[in-house]
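Tertiary structure, described
Take a look at the letters that make up each chain.
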Amino acid sequence: MTLLQRFGFFGAGLFLGIIILIIFLSGKKTSCEYGPNARVLKNIRTKETIISPKALAQLNILHLDTSAVNSTLKNGKVDFGESNTKLDSCKIYTIFGKEKLATTKFIFENCNKQSTLLSVEYLK
């Protein structure tokens with residue numbers, strides 16, 4: 001078997017393997033979120049999110065709604081320096097929005113079964 005034939009068989013096997021993976025994983029909710037930022041956002045997003053009365057009033061003042069909160073939980077940036085992750089039960093995370101919400105800071109309390117939006121601040 002020549003070197004060219006080996007590369008041909010390798011390429012054909014690689015191509016078929018990729019096609020099989022695409023077929024098996026196409027309908028599933030798979031994701032490759034391995035970074036700390038993505039893991040925290042996904043963890044908060046998958047739980048029931050409760051908006052505190054204080055945060056609801058702040059959202060109304062800033063003319064924002066729950067879609068802004070959902071957008072931040074999908075595309076936001078967690079500031080681990082401002083967050084308090086040393087707590088045992090519920091950790092407090094500071095999340096900054098992106099694009100239109102880049103000057104908005106959301107503070108979430110992430111517990112075992114639910115997450116709570118504690119406050120929303122507009123930064124100048």
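Here, every reference points to the structure presented above.
Nothing here was measured: the structure is a model prediction, and the numbers come from that model.

The rules behind these values
- Residues numbered from 1 in each chain as written.
- Predicted model: local features only at pLDDT ≥ 70, side-chain atom pairs only at ≥ 80, totals over all residues.
- Heavy atoms only, no water.
- Pairing = 2+ DSSP bridges.
- Helix = DSSP H or I, 4+ residues; strand = E, 2+ residues; numbered from the N terminus.
- Axes fitted to C-alpha atoms, helices over the stretch in contact; angles between N-to-C directions.
- Contact = heavy atoms within 4.5 Å.
- Disulfide = S-S within 2.5 Å.
- Buried < 20%, exposed > 50% of the residue type's maximum accessible area, 1.4 Å probe, protein only.
- Phe/Tyr/Trp six-rings, centres within 6.5 Å; stacked < 30°, edge-to-face > 60°.
- Polar contact = N/O pair within 3.5 Å; in protein donor to acceptor, adjacent residues only side chain to side chain.

It is worth spelling out the sheet that holds strand β4 (residues 104-110) at this point. The five strands are arranged β1-β5-β4-β3-β2 in an open sheet whose pairing can be described as mixed. Each edge of the open sheet is held by one strand with a lone partner, namely β1 (48-51) and β2 (77-84). Averaged over all adjacent pairs, the angle separating strand axes in this sheet is 30°, with direction ignored. Pairing between β4 and strand β5 (residues 114-122): seven bridges, direction antiparallel. Counted as the bridge partner of I107 is S119 from β5. Against the sheet, helix α3 (residues 53-61) contacts β1, β4 and β5, and its axis sits at roughly 40° relative to β5. Sitting on the sheet, helix α4 (residues 66-75) touches β1, β2, β3 (91-96), β4 and β5, and the angle it makes with β4 is about 80°.

Glancing now at the state of the cysteines. Counted by the stated rule, this structure contains one disulfide. A sulfur-sulfur distance of 1.9 Å marks the disulfide that ties C90 to C111. Taking the torsion about the sulfur-sulfur bond, which here is approximately 115°, the covalent link between C90 and C111 counts as right-handed. In this pair, C90 sits in the loop between β2 and β3 while C111 sits in the loop between β4 and β5, placing the two residues 21 residues apart along the sequence. A relative accessible area of 16% places C90 in the buried class.

What follows concerns the packing of aromatic side chains. Per the stated rule, a full pass over the model turns up one aromatic pair. Seen from their ring centres, F80 and Y93 are 6.4 Å apart, and the 90° between their planes marks the pair as edge-to-face. Of this pair, F80 sits in strand β2 while Y93 is found in strand β3, placing the two residues 13 residues apart along the sequence.

Moving on to the side chain of Q58. On the secondary structure map, Q58 appears in helix α3. Of the polar contacts made by the side chain of Q58, one reaches the backbone nitrogen of V120; its length is 2.6 Å. In this structure, Q58 is in contact with S119 and V120, ignoring residues within four places of it in sequence.

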